[in-house]
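One-letter residues, chain by chain:
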Amino acid sequence: MGGTTYHLDISQMASIIVCPNGTGKSTFLSLFYLFLSRQWSRLAEYDFIRLTLVYDFGELSVTRSDINSLDALPRSTPRLRTLLQSVVRAQ
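Since the structure is predicted, the reported quantities are computational estimates derived from the model, not experimental observations.

Residues Leu31, Leu34, Phe35, Trp40, Leu43, Ala44, Phe48, Leu51, Leu53, Val62, Ile67 and Leu70 constitute the largest nonpolar core, which totals 12 residues. Counting residues per element, the ones that place at least two in this core are helix 1 (25-36), helix 2 (40-43), strand 1 (50-55) and helix 3 (64-71). With 3 residues, helix 1 is the single largest residue contributor to this core.

Given below as structure tokens:
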């Protein structure tokens, strides 16, 4: 998505995104969905620097390096993985 900042206001019941083909609408919505659903391994497949969700009470951010460090953990350490995921969620 080329180092661009995108903003989507979802304060209304529905939003419509209109852009020419190939501008990244589907990619943007995929990133948004994967971030909200905490699908870190799938999110790591995308090229980005930082994703930030701003809401009424603050904001949540995750960087690509945060996700890469989660994916580097062995599957045999679920407690440590869960702990790190909660830290990423709390930021």
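Attention now goes to the pairing of strand 1. The two faces of the sheet receive side chains in turn, since in a regular strand these alternate between them. As paired elements, strand 1 and strand 2 (residues 58-63) share 6 bridges and run antiparallel to each other. Looking at the pairing, Arg50 lines up with Thr63 of strand 2.

Here we take up the packing of aromatic side chains. Applying the stated rule across the entire model yields 1 aromatic pair. Residues Phe35 and Trp40 carry aromatic rings whose centres are separated by 6.3 Å and whose planes lie at 70° to one another, so their mutual orientation is edge-to-face. Residue classification places Trp40 among the buried residues on the basis of a relative accessible area of 5%.

Another point: the environment of Thr63. Turning to its location among the elements, Thr63 is positioned in strand 2. Through-space distance from the C-alpha of Thr63 to that of Ile49 is 5.7 Å; in sequence the pair is 14 residues apart. Apart from the residues lying within four places of it in its own chain, the contact partners of Thr63 are Phe48, Ile49 and Arg50. A distance of 3.1 Å separates a polar atom in the side chain of Thr63 from a polar atom in the side chain of Ser65.

Time to look at the side chain of Asp66. In this structure, Asp66 sits in helix 3. Arg50 provides the closest opposite charge to the buried, unpaired Asp66, separated from it by 5.9 Å. For Asp66, the side chain forms a polar contact with the main-chain nitrogen of Thr63, separated by 3.0 Å.

Okay, helix 1 next. Helix length check: helix 1, at 12 residues, gives a terminal C-alpha distance of 17 Å against a target of 16 Å (1.5 Å per residue), a fit within 8%. All of the buried residues along helix 1 are Phe28, Leu31, Leu34 and Phe35. Projected down its long axis, helix 1 carries its buried residues within an arc of 135°, all on one side. Of the surrounding secondary structure, the elements contacted by the buried residues of helix 1 are helix 2, strand 1 and strand 2. At the C-terminal side of helix 1, Arg38 shows a positive phi close to 55°.

Criteria and cut-off values
Residues numbered from 1 in each chain as written. Predicted model: local features only at pLDDT ≥ 70, side-chain atom pairs only at ≥ 80, totals over all residues. Heavy atoms only, no water. Core = buried A, V, L, I, M, F, W, Y, C linked by side-chain atoms within 4.5 Å. Buried < 20%, exposed > 50% of the residue type's maximum accessible area, 1.4 Å probe, protein only. Helix = DSSP H or I, 4+ residues; strand = E, 2+ residues; numbered from the N terminus. Pairing = 2+ DSSP bridges. Phe/Tyr/Trp six-rings, centres within 6.5 Å; stacked < 30°, edge-to-face > 60°. Contact = heavy atoms within 4.5 Å. Polar contact = N/O pair within 3.5 Å; in protein donor to acceptor, adjacent residues only side chain to side chain. Lys, Arg positive; Asp, Glu negative; His and termini not counted. Salt bridge = Lys/Arg side-chain N within 4 Å of Asp/Glu carboxyl O. Expected span 1.5 Å × (residues − 1). Arc of directions from axis to C-beta.

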